[in-house]
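# Topology and contacts: notes
Listed below are the residues making up each chain.
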Amino acid sequence: MGKNIKQVEVLAAKSVWPIPKKFVNLLTGQSLVAIDRIGKLLIFSLSDKKNYLLVHLKMTGQLIYAINHKLVAGGHSLSAQSLIGYVGGELPNRSTRVYLIFSDKSHLFFNDQRRFGYLKIVDQASLAVIKAKYGIEPLTPNFTKSNFFLAIKGRTKNIKALLLDQSLISGLGNIYADEALFAAGIRPARRASSLSKAEIERLYGVIEGLIRRAIKARGTTFNNYLDAQGNKGGFVVKLAVYGRSKELCLKCQGPIKKIKVAGRGTHFCPNCQK
DNA sequence: CCTTGTGTTCTCCG
DNA sequence: CCGGAGAACACAAG
C-alpha cells in the first residue's frame, strides 16, 4: 500500500476497463492507499481520492505480489476460491493479464487463466451504484435474522439460486451455497417460499459459522495455491457435500447426489436434506 | 461435453 | 404496455 505505481502493463485488453490506454493513464503515478471488499469484489482506493480500482477474481483470478520476481504473496483468502494455484516460476507468465510495477521495483501481477476476472477503474459515483446492488453480507452488521427473512420473503425461486443471488445475499458462491444447505438440512431445489420459519432460522444459523470456518481455514482450494504466508488453502478437506458425489454422507453414510440446480452443479444428501 | 460468477437478454405474469 | 421476477444464455479455456 502507498507505493507509487511507476508502470502499468496490460497484456490482455479485455481484462481491463476502460480501454488499456485510458486504464494505464488513470493508474500510472498513483498509489493504492486502502483495500476494501464487498461480496466477491475487491476495492482499492487510489491516491487521487477520486477513483477506485475494482478487482474481480471470478473463478481463476489471482493477485500475486512479488519482490524481485521472487514470490512473497499469492492468491487471495476471501470468500471466492481459486481453482488454479500459483506454484512459483517466472512472472509474468502465460496467465498474466495485467501487472503493476511500483517505485521500489516490486510487482503486482493479475493472473487469470480463464480471463473471466477483470480490473476496472471507476469514480465514486459509479462505485456507489455498484455497491448498492449488493445484498446483506454474512459477518457484517446488516446480516441479521430479520434482514435474512426479508431477503427470502416472497421469493419463488429455489433456495440455492437465492443464496447465489448477490443482490439478496452477497458473498456466497456455489461451494458454500451447497455446504450451507447441507448444514441446514434443506434441499437445494426447494422453492424459497416453501421454507418453514424453523428452516429459514436453521439456514441463517449455519451461514456465519460456515464462512468463519472457511476464512479460518484460508479458503477453499484444489491445487497448489499458496497464500501470503505460503500456506495452502485447507477448507477443501472439510467440505461435507461439494465435490463428494457418490461418496458417503458424513451424517448418515448414505450416498451424496449431484444434480443441476440454478444451472450449477449441486451436491446434496437426499436422506439428510428435506 | 463439463466447470464458475455475473452481466445481459429473454420470457412470463399481473 | 410496463415492471418485476426469474430463467436462460453468454462469456473463456482447460
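Residues numbered from 1 in each chain as written. Chains lettered and ligands numbered in written order. Predicted model: local features only at pLDDT ≥ 70, side-chain atom pairs only at ≥ 80, totals over all residues. Heavy atoms only, no water.

With that settled, consider the overall build of chain A. When you go through chain A residue by residue, the secondary structure sums to six helices and 12 strands. A separation of at least 24 residues holds for 58% of the contacts in chain A among residues at least 6 apart in sequence. On chain A, roughly 13400 Å² of surface is accessible, and the fraction owed to carbon and sulfur atoms is 54%. (Helix = DSSP H or I, 4+ residues; strand = E, 2+ residues; numbered from the N terminus. Contact = heavy atoms within 4.5 Å. Areas by Shrake-Rupley, 256 points an atom, 1.4 Å probe, with all protein chains shown as cover.)

This part covers the packing of helix α5 (residues 174–184) against helix α6 (residues 197–216). Between α5 and α6, the least distance of the axes is 9 Å, while the angle of their chain directions is 130°. In terms of their interaxial angle, α5 and α6 are classed as oblique. As α5 runs across α6, the sense of the crossing is right-handed. Between α5 and α6, the residues in contact are Tyr176, Glu179, Ala180, Leu181, Ala183 and Ala184 and Arg202, Leu203, Val206, Ile207, Leu210 and Ala214, respectively. Counted by class, the contact of α5 with α6 contains 10 nonpolar, no polar and two charged residues. (Axes fitted to C-alpha atoms, helices over the stretch in contact; angles between N-to-C directions. Parallel < 35°, antiparallel > 145°, perpendicular 65-115°, else oblique. Left-handed = near helix turned anticlockwise from the far one by under 90°. Nonpolar A, V, L, I, M, F, W, Y, C, P; charged D, E, K, R; others polar.)

Moving on: the protein's contact with DNA strand C. Taken together, Lys14, Gln113, Arg114, Arg115, Phe116, Arg155, Thr156, Lys157 and Arg264 are the residues near DNA strand C. Of what DNA strand C places within 4 Å of the protein, 59% of the atoms are sugar or phosphate. At 3.2 Å from a sugar or linking oxygen of DNA strand C is found a main-chain nitrogen or oxygen belonging to Arg114. One of the side-chain nitrogen or oxygen atoms of Arg115 is found 2.3 Å away from a phosphate oxygen of DNA strand C. Class assignment for the residues of the surface near DNA strand C results in one nonpolar, two polar and six charged. (Near = heavy atom within 4 Å. Polar contact = N/O pair within 3.5 Å; in protein donor to acceptor, adjacent residues only side chain to side chain.)

Moving on, we come to the pairing of strand β11 (residues 257–261). In the sheet, β11 pairs with strand β12 (residues 264–268) via five bridges, with the strands oriented antiparallel. Looking at the pairing, Ile259 lines up with Thr266 of β12. Between the end of β11 and the start of β12, which pair antiparallel, lie two residues, with Ala262 showing a positive phi angle near 55°. (Pairing = 2+ DSSP bridges.)

Moving on, we get to the nonpolar core. Ranked by internal contacts, the top residues of the largest apolar core, which has 29 residues, are Phe148, Ile159, Leu163, Ile169, Leu203 and Ile207. Listed by contribution, the elements that provide at least two residues to this core are α3 (145–152), α4 (159–164), α5 and α6. Counting residues per element, this core draws most heavily on α6, which supplies eight residues. Residue contacts for Ile159: discarding those within four places in its chain leaves Ile152, Leu181, Ile186, Arg187, Pro188, Arg190, Arg191, Ala192, Leu195 and Leu203. Counting 21 residues, the second largest nonpolar core, distinct from the first, contains Ile5, Leu32, Phe44 and Leu100. (Core = buried A, V, L, I, M, F, W, Y, C linked by side-chain atoms within 4.5 Å. Buried < 20%, exposed > 50% of the residue type's maximum accessible area, 1.4 Å probe, protein only.)

Without other data, these values stay purely geometric and don't point to any function.
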